[in-house]
Amino acid sequence: MWFAAAVALLSLGEPLPMLKGEFLTGAGASLPEAARGRVALVALGFTYDSRFAVEAWVKRYRKEFPDKAKTTFYEVPMIGGMARLGKWFIDSGMRRGTAKDDHENVITVYGGVDPWKQRLGFDKPNDAYLVLLDAQGTVRWLYRGAFEEAAFTELTEVVRRLGP
């Protein structure tokens, strides 16, 4: 009998486990390496409808922290199951719907979704799952849910403490 190994919840103060995918440019992407040297908000979504929550968080973060030399963000659609068969169609739709300047800020991940669901305590499909990384790739803030002003204020305080 085969058993899947349990994956520990992601915790504050630990390095982000490697997350590999592909930028919308087609180049390979790996977090936390892509963000190294900058404070980064990583916004993961696990369903088509989670994009609304992800986009709301990213839009506000970009407005508050526009200096891409010190801060950055990554929208990370996590695509599993049969949806992986539509990779070309999905990626081309995302490229059309994303400003070209932001193609290096969207990382599509096909497969390996279940361990990330476990790491993030996945329980609400349409929520954004947010991870704030410091410049060394260490987890400094975690949140899941739709955009909320109080949670954004908390995020902002953490980013400012980290120094950008």
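Located above this text is the structure these notes cover.
Quick summary incoming for the structure in this document. Everything quoted here is computed from the prediction, not taken from an experiment.

## Thoughts on the packing of aromatic side chains
The full count for this structure, using the stated rule, is ten aromatic pairs. Residues Phe-46 and Phe-122 carry aromatic rings whose centres are separated by 5.2 Å and whose planes lie at 70° to one another, so their mutual orientation is edge-to-face. Taken together, the residues Phe-46 in the loop between β3 (39-45) and α1 (50-64) and Phe-122 in the loop between α3 (113-119) and β6 (128-133) connect sequence positions 76 residues apart. You can call Phe-122 partly exposed: its relative accessible area is 25%. Sitting over the ring of Phe-122, Lys-117 keeps its end group 4.6 Å from the ring centre. Of note, Arg-119 hangs over the ring of Trp-116, and the distance from its end group to the ring centre comes to 4.6 Å.

## Points about the nonpolar core
In terms of nonpolar packing, the biggest core is built from 23 residues, with Leu-31, Leu-44, Val-76, Met-78 and Val-131 touching the most fellow members. Not counting residues up to four positions away in its chain, the partners in contact with Val-76 are Leu-19, Leu-31, Val-42, Ala-43, Leu-44, Gly-45, Ile-107 and Val-109. Grouped together as the second largest cluster of nonpolar side chains are 19 residues, Ala-128, Leu-130, Leu-132 and Val-158 included.

## Quick look at the sheet that holds strand β7 (residues 139-145)
Strand order in the open sheet formed by seven strands is β2-β1-β5-β4-β3-β6-β7, and the pairing between neighbours is mixed. Strand pairing shows two members of the sheet lacking a second neighbour, β2 (28-31) and β7, which therefore form its edges. Taken pair by pair, the neighbouring strands of this sheet meet at an average axis angle of 30°, ignoring direction. Pairing geometry for β3 and strand β4 (residues 71-79), over seven bridges, is parallel. Each residue of the ladder has a partner; that of Ala-43, found in β4, is Glu-75. The strands touched by α1 within the sheet are β3, β4, β6 and β7, with β3 carrying the most contacts at an inclination of about 165°. Across the sheet, helix α4 (residues 149-162) is in contact with β3, β4, β6 and β7; its angle to β7 comes to roughly 165°.

## Digging into unusual backbone geometry
Cis geometry marks the peptide bond from Leu-31 to Pro-32; its omega dihedral reads 10°. Inspection of the secondary structure puts Pro-32 in the loop between β2 and β3.

## Some points on the side chain of Asp-134
Checked against the element boundaries, Asp-134 lands in the loop between β6 and β7. Accessibility expressed as a relative area gives 6% for Asp-134, which makes it buried. One polar contact links Asp-134 to Arg-140, side chain to side chain, over a distance of 2.9 Å. Not counting chain neighbours up to four residues away, the residues in contact with Asp-134 comprise Arg-38, Val-39, Arg-140 and Leu-162.

## As for α1
Under the 1.5 Å per step criterion, the end-to-end length of α1 is 22 Å for 15 residues, consistent within 8% with the ideal 21 Å. Turning to α1, its buried residues are Ser-50, Ala-53, Val-54, Trp-57, Val-58 and Tyr-61. Each buried residue of α1 sits inside an arc of 125° when the element is viewed along its axis, so together they form one side. In α1, the exposed residues that point more than 90 degrees away from the buried face are Lys-59 and Lys-63. Those residues of α1 hidden inside the fold are in contact with β3, β4, β6, β7 and α4.

Rules of the game
Residues numbered from 1 in each chain as written. Predicted model: local features only at pLDDT ≥ 70, side-chain atom pairs only at ≥ 80, totals over all residues. Heavy atoms only, no water. Phe/Tyr/Trp six-rings, centres within 6.5 Å; stacked < 30°, edge-to-face > 60°. Helix = DSSP H or I, 4+ residues; strand = E, 2+ residues; numbered from the N terminus. Buried < 20%, exposed > 50% of the residue type's maximum accessible area, 1.4 Å probe, protein only. Lys NZ or Arg CZ within 6 Å of the ring centre and 35° of its normal. Core = buried A, V, L, I, M, F, W, Y, C linked by side-chain atoms within 4.5 Å. Contact = heavy atoms within 4.5 Å. Pairing = 2+ DSSP bridges. Axes fitted to C-alpha atoms, helices over the stretch in contact; angles between N-to-C directions. Polar contact = N/O pair within 3.5 Å; in protein donor to acceptor, adjacent residues only side chain to side chain. Expected span 1.5 Å × (residues − 1). Arc of directions from axis to C-beta.

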